[in-house]
Amino acid sequence: TYAVYLALLWEYAHRRDRRQVLERLDEPLLGHPVYIDYRGHRVSEDLCNSVLEFTAIMEAVPAGEPIRSVIELGAGYGRIAWVFLSMMPGVRYVVVDIPPALAIAEQYLSTLFADRHVFGFRHFDGFADVADEFEAAQIVFLTPNQLDLLPPQRADLFVNVSSLHEMRPDQIEHYFAAIQTHCAGRFYTKQWQRSINEHDGLVISHDGYPVPAGWQVVFDRPHPVQVEFFEALYKLSEASTIAAR
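As a starting point, this report considers the structure included with it.

Conventions used here
Residues numbered from 1 in each chain as written. Predicted model: local features only at pLDDT ≥ 70, side-chain atom pairs only at ≥ 80, totals over all residues. Heavy atoms only, no water. 1 Å grid on protein atoms, 1.4 Å probe; cavity = no way out; pocket = protein on both sides within 12 Å on 5 of 7 lines; lining within 4 Å. Points joined across faces, edges and corners; volume = space filled by probe spheres on them. Helix = DSSP H or I, 4+ residues; strand = E, 2+ residues; numbered from the N terminus. Nonpolar A, V, L, I, M, F, W, Y, C, P; charged D, E, K, R; others polar. Pairing = 2+ DSSP bridges. Contact = heavy atoms within 4.5 Å. Axes fitted to C-alpha atoms, helices over the stretch in contact; angles between N-to-C directions. Buried < 20%, exposed > 50% of the residue type's maximum accessible area, 1.4 Å probe, protein only. Right-handed = clockwise from strand over helix to strand, strands pointing away. Parallel < 35°, antiparallel > 145°, perpendicular 65-115°, else oblique. Left-handed = near helix turned anticlockwise from the far one by under 90°.

Side note on empty space enclosed by the protein
Gaps between atoms show up when a probe of the same size as a water molecule is rolled over them.
Reasoning step 1: In this structure the tally under the stated criterion is 1 cavity of 30 Å³ or more.
Reasoning step 2: What the largest cavity holds in volume is close to 40 Å³.
Reasoning step 3: At the level of secondary structure, the elements contributing two or more residues to the lining of the largest cavity comprise helix 3 (45-59) and helix 4 (79-87).
Reasoning step 4: Counted by class, the lining of the largest cavity contains 5 nonpolar, 1 polar and 3 charged residues.

With respect to the sheet that holds strand 6 (residues 139-142)
Reasoning step 1: Read across the open sheet, the 8 strands follow the order 5-6-4-3-7-8-12-11; overall the sheet is mixed. Two strands lie at the open edges of the sheet, namely strand 5 (118-119) and strand 11 (216-222), each paired on one side alone.
Reasoning step 2: Bridge analysis of strand 3 (residues 69-73) against strand 7 (residues 155-161) gives 4 bridges, and the strand direction is parallel. Of the residues in strand 7, the one forming a bridge with Leu73 is Asn160.
Reasoning step 3: In this fold helix 3 packs onto strand 7, strand 8 (183-192), strand 11 and strand 12 (229-235), with an angle of close to 140° to the strand it touches most, strand 8.
Reasoning step 4: Packed on one face of the sheet, helix 5 (residues 101-112) meets strand 4 (92-96), strand 5 and strand 6 and runs near 165° to strand 6.

Some points on the pairing of strand 8
The side chains of a regular strand alternate between the sheet's two faces.
Reasoning step 1: With 8 of 10 residues buried, strand 8 is to be regarded as a mostly interior element.
Reasoning step 2: Bridging between strand 7 and strand 8 involves 6 bridges; their strand directions are parallel. In the sheet register, Phe158 faces strand 8, and the bridge partner there is Phe187.
Reasoning step 3: Of the crossover connections in this fold, the one passing from strand 7 over helix 8 (residues 169-182) to the parallel strand 8 is right-handed.

Examining the packing of helix 1 (residues 2-16) against helix 3
Reasoning step 1: Look at helix 1 against helix 3: their axes get within 9 Å of each other, and the N-to-C directions meet at 20°. It follows from the interaxial angle that helix 1 and helix 3 lie roughly parallel. Between helix 1 and helix 3 the crossing geometry is left-handed. Contacts between helix 1 and helix 3 pair Tyr2, Tyr5, Leu6, Leu9, Trp10, Tyr12, Ala13 and Arg16 from the former with Glu45, Cys48, Asn49, Leu52, Thr55, Ala56 and Glu59 from the latter.
Reasoning step 2: Its residues placed into classes, the contact of helix 1 with helix 3 shows 10 nonpolar, 2 polar and 3 charged.

Have a look at this one:
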């Protein structure tokens, strides 16, 4: 039953995949993923979901407009980062997460992209301490508090998938401020339509996210497969980014 589901998911993602990502990428064997062999490819649920997310983002980017830099908050083991780094060899990707996920992502992506210059996680008290190595790296791994130490990054894309709903409202507001500071392009988010945090007694719903008034809604819709999620993409105005600095 699961194999049939994966085949159907691949077919759906493939129909939307105008950049032919699924024809070019197979699920990496690193980490012993659950996959099926289908149409000559290693197919996993994570691969299909990552390609759906990548496709949703890139459909909203005008042809010819480059994505040179991406910041992802809460990257998990690095599944979306792997798609971007595979499809856009020149992109600079900054992963921001907490342990142990950050260590897993660093191991995963550093192994799969052994030819790329990596800024691995390490302690630093100020950006000046690491500025040269940070600027020279193509893949960067940071904890959230270290993101606050950076000068504005002017990233073309900021991504968060399924982790903002785990936070308190004040933490969510903090990260939206960080997005305004470090993103000069677009923000893609995919979250539960309604999330209940029983430990903190909080309910986070679609309309509860503090999206600044200056952000242009490119799309805001239920996810086409994971229907209990919504996905949204915003274009940040230059004025809102400058104001955040």
